[in-house]
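Listed below are the residues making up each chain.
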Amino acid sequence: MKAGRNDTCPCGSGLKYKKCCGLKDDNSRTGNRLFREIEAALMERMLPFADEVYGEDAIDQALLLFLDDEGAIEFDAADPLNPFFLPWFLFNWVIEPTDLRPIPEAPVNKTIAESFLELHESSLAPETVELIKASNRRPLSFFEVMEGIPGKSLKLYDLLQECSIDVDEDAASTSLRQGDIIIGSIMVPMGGRTRPLALGPFALEASDKPKVIALRREILENSEETSINEAVLHQQEAFVLGLYLDIIDEMLDQTEEDEPLH
């Protein structure tokens, strides 16, 4: 049971909760709120920048690659995948030299974030610059939820890199359960705190874990490495993302089959 603000703090200090650990919780919530505000403001600036510098069709071209689907429709602002796709679009997607460019002058081998920073760094607040650098080119991986404090944090185990990580997270932590598996990317720590850049909108079930472990074995075989690091994850990103989307498609198909006919 959570301590009330006027209750004795459960840490044993003898102080009231609001004068002890409650202050830390309040500061954490305030920090997360400010972080989200900075992040939202940055996204609002970077998306129009992408249209201007990379072309209005860039987001559709990136979506086709993200979904690995030649029949992918145009970007839909209401798609539930957007909180996962848009950070990838801004911080991970690049146009390869052999790719067809949305517009002839679109930068090659640069993420949208890198191009944005190159042009605007001198006019940005230091915390915004730090946020961009901490978010840029972060690899995708699968994580098992080990513990969670709703509205505050998650303890995750990276199933591909085989390491544990604690992240500040005040949204998904309210619904994720121990044993759930999520896909996402983790930012470089900022101010001693680690946060997710993006998490997939649908959690996988514990029964899907063997598929992730099988993918890990396949990646090790393909890369001829003895362990998986961030460089390997970048190289194998299409396979990581592909597995997640395949499992989600199966889940949604099963849900449709289970729905009663009217």
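Each remark here, short or long, concerns the structure printed above.
Residues numbered from 1 in each chain as written. Predicted model: local features only at pLDDT ≥ 70, side-chain atom pairs only at ≥ 80, totals over all residues. Heavy atoms only, no water.

Draft legend 1. Structural context of the pattern of salt bridges. Under the criterion given, the structure shown has eleven salt bridges. The residue Asp168 makes a salt bridge to Arg193 at a minimum N-O spacing of 2.5 Å. Of the two residues, Asp168 is situated in strand 3 (residues 163–168) and Arg193 in the loop between strand 4 (181–186) and strand 5 (196–199); the sequence distance between them amounts to 25 residues. On the basis of relative accessible area, Arg193 is assigned to the partly exposed category, the value being 24%. Taking the shortest distance from any N to any O, the salt bridge between Lys211 and Glu250 comes out at 3.3 Å. You can see Lys211 sitting in helix 6 (residues 209–223) and its partner Glu250 sitting in helix 8 (residues 237–258), a full 39 residues away along the chain. When its relative accessible area of 46% is taken as the criterion, Glu250 is described as partly exposed. Overlapping salt bridges, with partners in common, bring together Asp208, Lys211 and Glu250 in one network. (Salt bridge = Lys/Arg side-chain N within 4 Å of Asp/Glu carboxyl O. Helix = DSSP H or I, 4+ residues; strand = E, 2+ residues; numbered from the N terminus. Buried < 20%, exposed > 50% of the residue type's maximum accessible area, 1.4 Å probe, protein only.)

Draft legend 2. Local environment of the packing of helix 2 (residues 58–67) against helix 3 (residues 82–91). At their nearest, the axes of helix 2 and helix 3 sit 10 Å apart, and the two run at 110 degrees to each other. Taken together, the axes of helix 2 and helix 3 are roughly perpendicular relative to one another. The interaxial crossing formed by helix 2 with helix 3 has right-handed handedness. Contacts between helix 2 and helix 3 pair Ala58, Ile59, Ala62, Leu63, Leu65 and Phe66 from the former with Phe84, Phe85, Leu86, Trp88 and Phe89 from the latter. A per-class count over the contact of helix 2 with helix 3 returns eleven nonpolar, no polar and no charged. (Axes fitted to C-alpha atoms, helices over the stretch in contact; angles between N-to-C directions. Parallel < 35°, antiparallel > 145°, perpendicular 65-115°, else oblique. Left-handed = near helix turned anticlockwise from the far one by under 90°. Contact = heavy atoms within 4.5 Å. Nonpolar A, V, L, I, M, F, W, Y, C, P; charged D, E, K, R; others polar.)

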